[in-house]
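# Observations on the model geometry
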Amino acid sequence: MADKSPDEMNYEALAQEALRGVIRAALKRAAQPAGIPGEHHFYITFRTRGAGVTVPPDLLAKYPEEMTIVLQHQFWDLKPEEGGFSVVLKFGGAPKKLVVPYPAVTRFYDPHVQFLLQFDPPQEAPAPAPALAVVEPPAPEPEREPAPEGPKIVSLDQFRKK
């Protein structure tokens, strides 16, 4: 049997990117004046700390890793863009804007037709860099005299089978 060749095209990533296009197209239809057609509605799960995700601090504290939102009847200002979407939802009666890049989405589910897309988790957004501090360079070590050159002794014990 031949060894598996490396996938230099990265087809898995290409397929996931194409499937995220399905989410983009569905959200574009939902953003039209007629809204989501029929009984369709969407459960969208995303990583709250994914790169580019914007979630209000109180929601981030409540959902530090992952969050699922439902787009059905009460959502406003849905804006699907090429790289992600933004939407306003009410939490505890207060409107909150969420910005979600498509790579942060881990699940898209339309229960009306049992349609599910599941994605590999995205890379976490890098933690903010700590403030730079001025660090004094270490004092130079005093010069040491080089070790005298001579024969090097190697023990053969480490090479013997036991």
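All of the points below concern the structure found in this document. (Residues numbered from 1 in each chain as written. Predicted model: local features only at pLDDT ≥ 70, side-chain atom pairs only at ≥ 80, totals over all residues. Heavy atoms only, no water.)

## Looking at the environment of Leu 116
Note that Leu 116 resides in strand β7 (residues 115-118). Distance in space between the C-alpha atoms of Leu 116 and Phe 42 is 9.8 Å, their sequence separation being 74 residues. When near neighbours in sequence (up to four residues on either side) are disregarded, Leu 116 contacts Arg 107, Phe 108 and Tyr 109. (Helix = DSSP H or I, 4+ residues; strand = E, 2+ residues; numbered from the N terminus. Contact = heavy atoms within 4.5 Å.)

## Examining the side chain of Arg 20
Structurally, Arg 20 is set in helix α1 (residues 11-30). Overall, Arg 20 belongs to the buried group, its relative accessible area being 11%. Each residue touching Arg 20, except ones within four places of it in the same chain, is listed here: Tyr 102, Pro 103, Val 105, Phe 119 and Asp 120. (Buried < 20%, exposed > 50% of the residue type's maximum accessible area, 1.4 Å probe, protein only.)

## A short note on the pattern of salt bridges
Close approach of charged atoms allows side chains of opposite charge to pair. Inspection of every chain in the model, using the stated rule, returns three salt bridges. A salt bridge links Arg 24 to Glu 82; the nearest nitrogen and oxygen atoms lie 3.9 Å apart. With Arg 24 in helix α1 and Glu 82 in the loop between β3 (76-80) and β4 (84-91), the pair connects residues that are 58 residues apart, well separated along the chain. Classification of Glu 82 by relative accessible area gives exposed; the value is 57%. Across the pair Asp 58 and Lys 96 runs a salt bridge, and its minimum N-O distance is 2.5 Å. Taken as a pair, Asp 58 in helix α2 (residues 57-62) and Lys 96 in strand β5 (residues 94-101) lie far apart in primary sequence, 38 residues in all. On the basis of relative accessible area, Asp 58 is assigned to the partly exposed category, the value being 42%. For Lys 96, a relative accessible area of 16% corresponds to the buried category. (Salt bridge = Lys/Arg side-chain N within 4 Å of Asp/Glu carboxyl O.)

## Looking at the pairing of β3
Pairing geometry for β3 and β4, over three bridges, is antiparallel. By the bridge assignment, Pro 80 is partnered in β4 with Phe 85. The antiparallel pairing of β3 with β4 creates a hairpin that spans three residues between the two strands. (Pairing = 2+ DSSP bridges.)

## Section: the packing of aromatic side chains
Using the criterion set out here, one finds three aromatic pairs in the structure. Between the aromatic rings of Tyr 43 and Tyr 109, the centroid separation amounts to 6.3 Å while the plane-to-plane angle is 45°, which identifies the pairing as tilted. Note that Tyr 43 is positioned in strand β1 (residues 42-47) and Tyr 109 in strand β6 (residues 105-110), a separation of 66 residues in sequence. With centroids separated by 6.1 Å and ring planes inclined at 35°, the aromatic side chains of Phe 85 and Tyr 102 adopt a geometry described as tilted. Note that Phe 85 is positioned in strand β4 and Tyr 102 in the loop between β5 and β6, a separation of 17 residues in sequence. When sorted by exposure, Phe 85 lands in the same class as Tyr 102, which is buried. Against the face of Phe 119 rests Arg 20, its NZ or CZ located 4.3 Å from the ring centre. (Phe/Tyr/Trp six-rings, centres within 6.5 Å; stacked < 30°, edge-to-face > 60°. Lys NZ or Arg CZ within 6 Å of the ring centre and 35° of its normal.)

## What about the nonpolar core?
By size, the foremost hydrophobic cluster in this structure holds 27 residues, and its most contacted members are Ile 69, Leu 71 and Phe 85. Residue assignment for this core shows that the elements contributing at least two residues are α1, β1, β2 (66-71), β4, β5 and β6. If we ignore the near neighbours within four places in the chain, the residues touching Leu 71 are Leu 27, Ile 36, His 41, Phe 42, Ile 44, Leu 78, Val 87 and Leu 89. (Core = buried A, V, L, I, M, F, W, Y, C linked by side-chain atoms within 4.5 Å.)

Keep in mind that these numbers describe shape and distance, not what the molecule does.
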